[in-house]
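Per-entry structural report
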Amino acid sequence: MAELNIDLHPAQLQIFHSKKRFKIVAAGRRFGKSYLSAWILLIKAIQSTNKDVYYIAPTFQQAKDIMWSLLKDLGRDLIAQAHENTATLTLINGRKIYLKGSDRESTLRGAGLAYVVMDEMANIKPVVWEQIIRPTLADIKGGCLMIGTPAAKNHFFDLYKDALEDDEWDAFQFNSTDNPFLPPEEIEAARKNMSSMAFRQEFEASFET
């Protein structure tokens, strides 16, 4: 994969190199969650022999806004076809990457999957993981990366807490400042302009009550 120029910062690399089947990441804004997710989607799809991968955001439009251009840019040497209307990429090995919205539950059912990235997990209903996505990973023991910024102590917090106690999971928590490319002055400006609680949640990935 050296030819793909996978340039991740050290905190992203901790997640990338984890061998656990399931990973959950609570990270501050501008940590680089989308960039990391795009690389993982491309690699999991190109390595798969018989199953496709999903990227799921709270809505289809969010999924497309966040990930579509990024995937096409990073994966340009791996992509055979890009279907704009459905936001589906077909790679040179025949495997597909689908961009999905969790609000369209009927479009998530049925397919067996090699890997799933669930982004902005705090804003995705628990039923999507528990009753729809988790069963699709069963037949070939597919994996999942859940990633997002905390939104109080909701189901994302519960999943993160449970992952800390489960040997099949890796749980990570990173501040925005763990991204070395984020200008420190931007962090300080945000600190001055936001309430302390909002800053801790959005930039320090704190599960605030």
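Before reading on, note that the structure itself is shown above.
Source: prediction; values computed, not measured. Note on numbering: residues in each chain are counted from 1, in written sequence order. Local features in a predicted model are, by the rule used here, given only for residues with pLDDT of at least 70; side-chain atom pairs are given and counted only at 80 or more, and totals for whole chains, interfaces and linings are based on all residues. Hydrogens are left out, water is left out, and the side-chain values use all remaining heavy atoms of the structure.

Brief notes about the overall build of the protein
What the protein contains, in helices and strands, is seven helices and eight strands. Each radius of gyration is computed over the set of C-alpha atoms, and the globule rule expresses the reference value as 2.2 Å times the number of residues to the power 0.38. For 209 residues, the compact-globule formula gives about 17 Å, and the C-alpha radius of gyration of the protein, at 17 Å, lands near that figure. Taking the principal axes of its C-alpha atoms as reference, the protein extends roughly 50 × 35 × 35 Å. Burial status follows relative accessibility: with a 1.4 Å probe on protein chains alone, a residue under 20% of its type maximum counts as buried, one over 50% as exposed, and anything between as partly exposed. The buried share of the protein, taken over its 209 residues, is 51%. Contacts are assigned to residue pairs that have any heavy atoms within 4.5 Å of one another. Sequence separation of at least 24 residues holds for 71% of the intrachain contacts in the protein that already meet a minimum separation of 6. With an accessible surface of roughly 10000 Å², the protein has 47% of that area assigned to carbon and sulfur atoms. With 25 positive and 27 negative side-chain charges, the protein shows a separation of 4 Å between the mean positions of the two kinds. Segments assigned H or I by DSSP are reported as helices when at least four residues long, segments assigned E as strands when at least two residues long, and all are numbered from the N terminus. To measure how exposed things are, a 1.4 Å probe is used in the Shrake-Rupley method; for residues, cover is taken only from the protein chains shown. Positive charge is attributed to Lys and Arg, negative charge to Asp and Glu, and no charge count is given to His or to the chain ends. Charged groups are reduced to one reference atom each: NZ for lysine, CZ for arginine, CG for aspartic acid, CD for glutamic acid.

Description of the nonpolar core
Joining through side-chain atoms within 4.5 Å is the link that ties buried Ala, Val, Leu, Ile, Met, Phe, Trp, Tyr and Cys residues into a set, and such a set is a nonpolar core. In terms of nonpolar packing, the biggest core is built from 37 residues, with Leu-71, Ile-97 and Leu-99 touching the most fellow members. The leading source of residues in this core is helix α2 (residues 33–47), at seven residues. Non-local contacts of Leu-71, meaning those with residues more than four positions away in its chain, are made with Ala-38, Leu-41, Leu-42, Arg-76, Ile-79, Leu-89, Ile-97 and Leu-99. If you look at the next biggest cluster of nonpolar residues, it comprises 26 residues, including Leu-108, Met-121, Phe-156 and Ala-163.

Regarding the packing of α2 against helix α3 (residues 60–74)
Running from amino to carboxyl end, α2 crosses α3 at an angle of 55 degrees, the nearest separation of the two axes being 10 Å. As the angle between them shows, α2 and α3 are arranged oblique. You can see that α2 and α3 cross each other, and the crossing is right-handed. Here Ser-34, Tyr-35, Ser-37, Ala-38, Trp-39, Leu-41 and Leu-42 of α2 come into contact with α3, specifically with Ile-66, Met-67, Leu-70, Leu-71 and Leu-74. Under this scheme, a helix contributes an axis fitted over its contacting stretch, all axes are lines through C-alpha atoms, and angles between N-to-C directions fall in the 0 to 180 degree range. In this scheme, roughly parallel covers angles under 35 degrees and roughly antiparallel covers those over 145, while 65 to 115 is roughly perpendicular and the rest are oblique. The handedness criterion is simple: a crossing whose near helix is rotated anticlockwise from the far helix by less than a right angle is left-handed, and one whose near helix is rotated clockwise is right-handed.

A few points about the packing of helix α1 (residues 10–17) against α2
Remark: α1 packs on α2, axes separated minimally by 11 Å, with the N-to-C direction vectors making an angle of 30 degrees. When the axis of α1 is compared with that of α2, the two are roughly parallel. As for the relative orientation of α1 and α2, their crossing is right-handed in sense. Seen from α1, the contacting residues are Gln-12, Ile-15 and Phe-16; seen from α2, they are Tyr-35, Leu-36, Ile-40 and Ile-43.

Quick word on the side chain of Ser-37
By secondary structure assignment, the location of Ser-37 is in helix α2. For Ser-37, the contacting residues outside a window of four places in its chain are Met-67, Val-117, Leu-145 and Ile-147.

Concerning the pairing of strand β1 (residues 22–27)
Within β1, six of the six residues are buried, which leaves the element mostly enclosed by the surrounding structure. Alternating positions in β1 separate into two faces, Phe-22, Ile-24 and Ala-26 on one and Lys-23, Val-25 and Ala-27 on the other, with burial throughout. Two strands pair when backbone bridges link them, and β1 and strand β7 (residues 143–148) are joined in this way by five bridges, in the parallel orientation. Bridge pairing in β7 places Phe-22 opposite Cys-144. Strand pairing follows a simple DSSP-based rule, namely that at least 2 bridges must link the two strands.

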